[in-house]
Number of protein chains: 2
Amino acid sequence: MAKLVGVTIEGMNMNRMVQYQYWDKETETLPREELEKFQLKLLRESVNRALRTPFYKKRLFQVGITSGDDMKSLQDLQKIPFTTKQDLRDAFPDGMLAVDRREIVRLHASSGTTGTPTTIYFTKKDLERWASYVARCIYGTGCTRDDVFQNMITYGLFTGGLGIHYGAEMVGMLVIPSGPGNTGRQFKMMKDHRTTVVHATPSFLLHLHSKLEEEGYTLSDLALRKAFAGAEPYSEDTRRRIEELWNIDVYNSYGLSEMNGPGVAFECQHKDGMHLWEDGYIAEIINPDTFEPVANGETGELVLTILCREAMPILRYRTRDLTSFYTEPCPCGRTHRRIRRITGRTDDMLIINGVNVFPSQIEEVIMGIKEVGNNYLIQVDKDGALDRLTVKTEVGPNIFMDDARPLNALKERIRHALQTTISINPKVELHEPGALPVSEGKAKRVIDTRPKDV
Amino acid sequence: MAKLVGVTIEGMNMNRMVQYQYWDKETETLPREELEKFQLKLLRESVNRALRTPFYKKRLFQVGITSGDDMKSLQDLQKIPFTTKQDLRDAFPDGMLAVDRREIVRLHASSGTTGTPTTIYFTKKDLERWASYVARCIYGTGCTRDDVFQNMITYGLFTGGLGIHYGAEMVGMLVIPSGPGNTGRQFKMMKDHRTTVVHATPSFLLHLHSKLEEEGYTLSDLALRKAFAGAEPYSEDTRRRIEELWNIDVYNSYGLSEMNGPGVAFECQHKDGMHLWEDGYIAEIINPDTFEPVANGETGELVLTILCREAMPILRYRTRDLTSFYTEPCPCGRTHRRIRRITGRTDDMLIINGVNVFPSQIEEVIMGIKEVGNNYLIQVDKDGALDRLTVKTEVGPNIFMDDARPLNALKERIRHALQTTISINPKVELHEPGALPVSEGKAKRVIDTRPKDV
């Protein structure tokens, strides 16, 4: 399957006919004009809700906004100042809470390893709406209640696990709440229950596949057809690689806890860009330096306003995620615009000897080289006064580490390809399969040991 | 609070008036006669459902049961053979499935470290009913939607986490899905969100308290009032100890994944025995050697028939858990009978030099001694031909390890108290607080290194 799709010409799948299915056809295919009218109505409600919070009351009064009615058109959104992660931390715990604390039935929180965690509150209605957006995403990939879904993402405070879980339950799939880790057990359950769909990080999907043989399974033991991959950025080449290794379709998932979690944007069966649910979110893409909107189709920082949460409205949130809009409508018929896969985060950007480099650019280059294995690591340190970039990659299973000549040739090919793309000459190291550290949650791909103040 | 309750005379709390509250008053206080009529109706339905499964069709036909109508009275239940954990394993994956696989929306599984895990299936309706039993338990302890609930139990395949989570959500409490571990973060969230109720294993509650000072908190930073403690057996003395340390009420929770998970039986505000929901389960207590019912009020093995699950009916399941019924009704007005805290499992029983000993007996003795700390370990090994029992306990925080005389006196007191109760002369070892291994999930309290065949 994976080999037949992914080739698109003028927005149409070349190699198969797809019968698109919709969870909520009316909303998903609402004409743009009506969709925008609906957004404006919801925006006014959200601004009114926000005005009930100490944080936004002050922030909005400062710019003369005292009522949702001040939003005469969607353009007026731009009068509202941006909200940042730091604002969320400063407003913790109650500064952005728009309902009585008794109305809250759930909270989720980021891990908060640095400073105060970001905490998001939900009312019962918020949870229902969140689940319905996730159900829309899942159903939109062609899944139905007949599917068996193994959720290999951490449950608990992290939104990825429970978020997708509730949506899958709404679709009526058989949900196996396996969580991450324990590869042997994952395979056993996949086989015993004929799992057809999994949700995992792209790095866990690669790691799991590398254990297939060792755990005593072959692909023919499994019934896997689809994977939802998210929680960390990954390149199109990584997607193709996962699809080919597993012989499945991989759907890209986008979300962030500040905007509920998963369910913000998701690929449809067409698998070319993620539909961002514009009845739940208003999306802008800005130049992170000038704060001006970029031209349609150009890359910039995604800014989101949540319309589908009453407990905690957040207006114009700077996600730090870099993406762009598709300018053409999707052949699936959904009118909600598509965003491109996240190519990086504004705060991920490495400045190496003055040159801007995104880890995603490096991934794209190395994952495009067949002989490169499934795990890699980017290291930046100081070599005297200069920055030094080292890219460590595992080699594929069929590469012999004993024979220096082809290894050196491969190293040189990787080095050259990287230098061409990122304009930096990196040191390349090749490692045996399995030699680099593996993470079962979000992969830690970049180690920057340079002093912070330089 | 904890110091005022727990003393009961003729079923009444001596020291406080309690305004009992019910989640589903009509069902919870149904007159016994009607309750038993209702059980019979549900039993017939369950037998009919079971007859749709390959396992029970064969098993029931063997004893001449071909229809739910063969259950003329609740007495007829005894015609049905017991179901064991091994039966569940043998019938895996579909042998006990009474619905089309498409109807299943969730599965849970035991960890299955030894052999095939026990796997339980749920339909959508099953999940709703399960949550409603858990809601009944939670509300019955006096919690309302105003409470803030931190669920310190593992989420995922284990039923304890998601089971209580869904019930708490139904009650409308603010649910913090913290999961276990990370004591610093647990305290921070308890303080930030004014957590009033937690769910944890008793050993984690003791462990967490031992970290209170180290993590920079005092009880007055917290708003904790209640804890649900379950997932491992514990003694009444352990409960009192947790209540005194935290100055809270601790409610005992009983459940097992074969019977959905938590929500089978739970203590009410009266805190004296766990109401077993007899509209969801038929409970019998049998002599595990003769399989005959014990006299009312006597201790034996709990056998349960689930009436509230359509996906996977299980009839007369031998839980291995040892308990007894209360013979008196509870002052709270609920008509559903109470069981005593689980004193052990038939398969936990240690035979030491021919004498039967339950780990719970040992716990009860040592936790009743004030100078003993919060962690202990039971070790059994061979000393030549004989078995040797070693009981290792930590001492409390105010005991100095430098002064041998009082330590030896304490050791001798523990030894003597144990010998009096279990008729075995143990070796006693005292350890510093924090010296014994800590588990954040179910505690591993017994290490038996004797060869298996002896």
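Predicted model, so just to flag it, every value in this text is computed and none were measured.

Analysis parameters
- Residues numbered from 1 in each chain as written.
- Chains lettered and ligands numbered in written order.
- Predicted model: local features only at pLDDT ≥ 70, side-chain atom pairs only at ≥ 80, totals over all residues.
- Heavy atoms only, no water.
- Pairing = 2+ DSSP bridges.
- Helix = DSSP H or I, 4+ residues; strand = E, 2+ residues; numbered from the N terminus.
- Least-squares fit on C-alpha atoms with pLDDT ≥ 70 in both.
- Contact = heavy atoms within 4.5 Å.
- Axes fitted to C-alpha atoms, helices over the stretch in contact; angles between N-to-C directions.
- Buried < 20%, exposed > 50% of the residue type's maximum accessible area, 1.4 Å probe, protein only.
- Domains from an automatic or database assignment.
- Buried area = accessible area lost by both parts, 1.4 Å probe.
- Salt bridge = Lys/Arg side-chain N within 4 Å of Asp/Glu carboxyl O.
- Polar contact = N/O pair within 3.5 Å; in protein donor to acceptor, adjacent residues only side chain to side chain.
- Phe/Tyr/Trp six-rings, centres within 6.5 Å; stacked < 30°, edge-to-face > 60°.
- Lys NZ or Arg CZ within 6 Å of the ring centre and 35° of its normal.

With that settled, the discussion passes to the sheet that holds strand β16 (residues 344–345) of chain A. Residue and element names in this part refer to chain A. In space, the four strands of this open sheet follow the order β12-β13-β14-β16, with antiparallel pairing throughout. For this open sheet the edge positions go to β12 (281–286) and β16, each flanked by a neighbour on one side alone. Bridge count for strand β13 (residues 300–306) against strand β14 (residues 317–323) is four bridges, and the pairing is antiparallel. Bridging across to β14, Val303 finds its partner in Arg318.

With that settled, the discussion passes to the relation of the copies chain B and chain A. For the pair chain B and chain A, the relating rotation is 180°, the translation along its axis is 0.1 Å, and the fit reaches an RMSD of 0.1 Å. Interpreted geometrically, this transformation is the action of a two-fold axis. Residues of chain B ranked by C-alpha distance from the rotation axis are headed by Tyr155(B), positioned 2.9 Å from it. Both copies share a contact surface, since 97% of the interface residues of chain B are interface residues in chain A too.

Residues and elements named next belong to chain B. Across the sheet, which stays open at both edges, the four strands sit in the order β21-β20-β19-β22 with mixed pairing between neighbours. Edge positions in the sheet fall to β21 (427–431) and β22 (446–448), since each of these pairs with one other strand and no more. Across this sheet, the average inter-strand angle for adjacent strands is 15°, counted without regard to direction. Relative to strand β20 (residues 386–395), strand β19 (residues 372–383) runs antiparallel, the two being bridged by nine bridges. Of the residues in β20, the one forming a bridge with Asp383 is Leu386.

We now examine the environment of Arg337(B). All names here are of chain B. For Arg337, the position within the fold is in the loop between β14 (317–323) and β15 (338–339). Accessibility expressed as a relative area gives 26% for Arg337, which makes it partly exposed. Remark: the alpha-carbon pair of Arg337 and Ala283, spanning 54 residues in sequence, is separated by 9.3 Å. If near-sequence neighbours (up to four positions away) are discounted, Arg337 is found in contact with Arg32, Met274, His275, Leu276, Glu278, Ala283 and Phe325.

All names here are of chain A. Domains assigned within chain A are domain 1 (8–32 + 122–345) and domain 2 (350–448). Taking the mean C-alpha position of each, domain 1 and domain 2 sit 27 Å from one another. Across the contact, 23 residues belong to domain 1 and 18 residues belong to domain 2. When domain 1 packs against domain 2, the two sides together hide about 1500 Å² of surface, and 48% of this comes from carbon and sulfur. At the surface where domain 1 touches domain 2, the tally comes to zero salt bridges. In this assembly, domain 1 and domain 2 are joined by eight residue pairs in polar contact (both at pLDDT 80 or more).

Taken as a whole, this structure holds 20 aromatic pairs over all chains when the rule is applied. Centroid distance Phe149(A) to Phe228(A): 5.9 Å. Interplanar angle 40°. Geometry classified as tilted. With a gap of 79 residues between them, Phe149(A) in strand β5 (residues 148–151) and Phe228(A) in strand β8 (residues 226–229) connect regions that are remote in the sequence. Clustering of aromatic rings is evident, with ring pairs tying together Phe149(A), Phe228(A), Tyr251(A) and Phe266(A). The lysine or arginine in question, Arg309(A), covers the ring of Phe122(A), its NZ or CZ lying 6.0 Å from the ring centre. In this structure, Arg341(B) is placed above the aromatic ring of Tyr234(B), and the distance from its NZ or CZ to the ring centre is 4.6 Å.

Residues Thr238(A), Arg239(A), Arg241(A), Ile242(A), Glu243(A) and Trp246(A) constitute the buried set of helix α9 (residues 236–246) of chain A. Just past α9(A), the residue Asn247(A) takes up positive phi, approximately 55°.

A word on the pattern of salt bridges. Under the definition given, this model contains 66 salt bridges over all chains. In this structure, Asp146(B) and Arg102(A) form a salt bridge, with 2.3 Å as the shortest nitrogen-oxygen distance. On the criterion of chain membership, the pair formed by Asp146(B) in the loop between α5 (124–140) and β5 (148–151) and Arg102(A) in the loop between α4 (85–91) and β3 (104–109) is interchain, its members lying in two chains. Residue classification places Asp146(B) among the partly exposed positions, given a relative accessible area of 43%. Lys188(B) is the salt-bridge partner of Asp192(B), the closest N and O atoms lying 2.7 Å from each other.

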